[in-house]
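# Structural overview
The lines below spell out each chain.
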Amino acid sequence: MKAVVFANADIGDYSFCGKYTKDAVIICCDGGMRHAMKLGLVPDYIVGDFDSVSPEVLEYYKKQDIELKQVPCRKDETDMELGIRHAAEIGADDITLIGGIGSRLDHTLANIFQLIRIDKLGIKGRIVNENNLITLCTGRADIEGQKGDLVSFVPITPEVKGVTTSGLEYPLDKATLYMDSPLGVSNVMEGDRASYTFDEGMALIIKAKD
């Protein structure tokens, strides 16, 4: 089951959303309801403390037959975390996070690192916005795209050992990449498929555009 979890970060161009929301369970976290409304989507579930959604949007969805789970504002979990937990509880095996990359760097980093939690649950995951598609890699990543697409490999452990690439302009063969070095940033796809494999560590794979 595919699930999309909407959070509250701003989205300027919604054109990327359709490929992820099609045939997916829609979970809105608090202010993420506004994105569902702009897309004309009716959420399957709504979770959060409702401190960031406008009263008008909240009342609109309260009048519909949607499962709504409200929690106290003083809590340990972020609303995004609650949305991911709910997706896992209903059996999702593929989770896309939308509205999780914004101007608040603390929230953005926390949301990106939720990919680790998703991976620990044995679920495929990604976080996306207009300019970025971010996935977690723990050993192998197969990438689809177009010739010329930019792909970055960003270690999130001190070292990632045995990194080998395929289908990228700047090749690596059993290389060690370090968390404090940007060596893996802005590689270029040579065709419509590329891959990274490595032996030890953890990294983010980021398909990005300006």
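For the structure itself, look to the data block above.
Residues numbered from 1 in each chain as written. Predicted model: local features only at pLDDT ≥ 70, side-chain atom pairs only at ≥ 80, totals over all residues. Heavy atoms only, no water.

### Quick word on the pattern of salt bridges
Summed over all chains, the structure comprises 10 salt bridges. For Arg-193, the salt bridge is made with Glu-144, and the minimal N-O distance between the two is 3.2 Å. Of this pair, Arg-193 sits in strand β13 (residues 193–197) while Glu-144 is found in strand β8 (residues 140–144), placing the two residues 49 residues apart along the sequence. Among the residues examined, Arg-193 registers a relative accessible area of 55% and is labelled exposed. For Glu-144, a relative accessible area of 54% corresponds to the exposed category. Among the ionic pairs, Glu-159 bridges to Lys-161, the shortest N-O distance being 3.6 Å. Accessibility expressed as a relative area gives 33% for Glu-159, which makes it partly exposed. Looking at Lys-161, the relative accessible area reads 34%, which means it is partly exposed. (Salt bridge = Lys/Arg side-chain N within 4 Å of Asp/Glu carboxyl O. Helix = DSSP H or I, 4+ residues; strand = E, 2+ residues; numbered from the N terminus. Buried < 20%, exposed > 50% of the residue type's maximum accessible area, 1.4 Å probe, protein only.)

### Regarding the sheet that holds strand β1 (residues 2–6)
Spatially, β4-β3-β2-β1-β5-β6-β7-β14-β9-β12 is the arrangement adopted by the 10 strands of the open sheet, whose pairing is mixed. In the strand order of this sheet, the two ends are held by β4 (67–70) and β12 (187–188), each with one partner. The pairing of strand β9 (residues 150–155) with strand β14 (residues 203–208) spans 6 bridges and is classified as antiparallel. Looking at β14, one finds that Val-154 is bridged to Leu-204. (Pairing = 2+ DSSP bridges.)

### Section: the packing of aromatic side chains
Per the counting criterion, the structure on display carries 3 aromatic pairs. When the ring of Tyr-60 is compared with that of Tyr-61, the centres are 5.0 Å apart and the planes differ by 70°; the resulting orientation is edge-to-face. Judged by relative accessible area, which is 43%, Tyr-60 ranks as partly exposed. Judged by centre distance (5.6 Å) and plane angle (85°), the rings of Phe-153 and Phe-198 are edge-to-face. Of the two residues, Phe-153 is situated in strand β9 and Phe-198 in the loop between β13 and β14; the sequence distance between them amounts to 45 residues. Just as Phe-153 is buried, Phe-198 falls in that class too. Put simply, the rings of Phe-153, Tyr-196 and Phe-198 pair up and form one aromatic cluster. (Phe/Tyr/Trp six-rings, centres within 6.5 Å; stacked < 30°, edge-to-face > 60°.)

### Section: the side chain of Asp-94
Here Asp-94 is to be found in strand β5 (residues 94–98). You can call Asp-94 buried: its relative accessible area is 13%. Setting aside residues no more than four positions away along its own chain, Asp-94 makes contact with Met-1, Lys-2, Ala-3, Ile-123, Lys-124 and Arg-126. (Contact = heavy atoms within 4.5 Å.)

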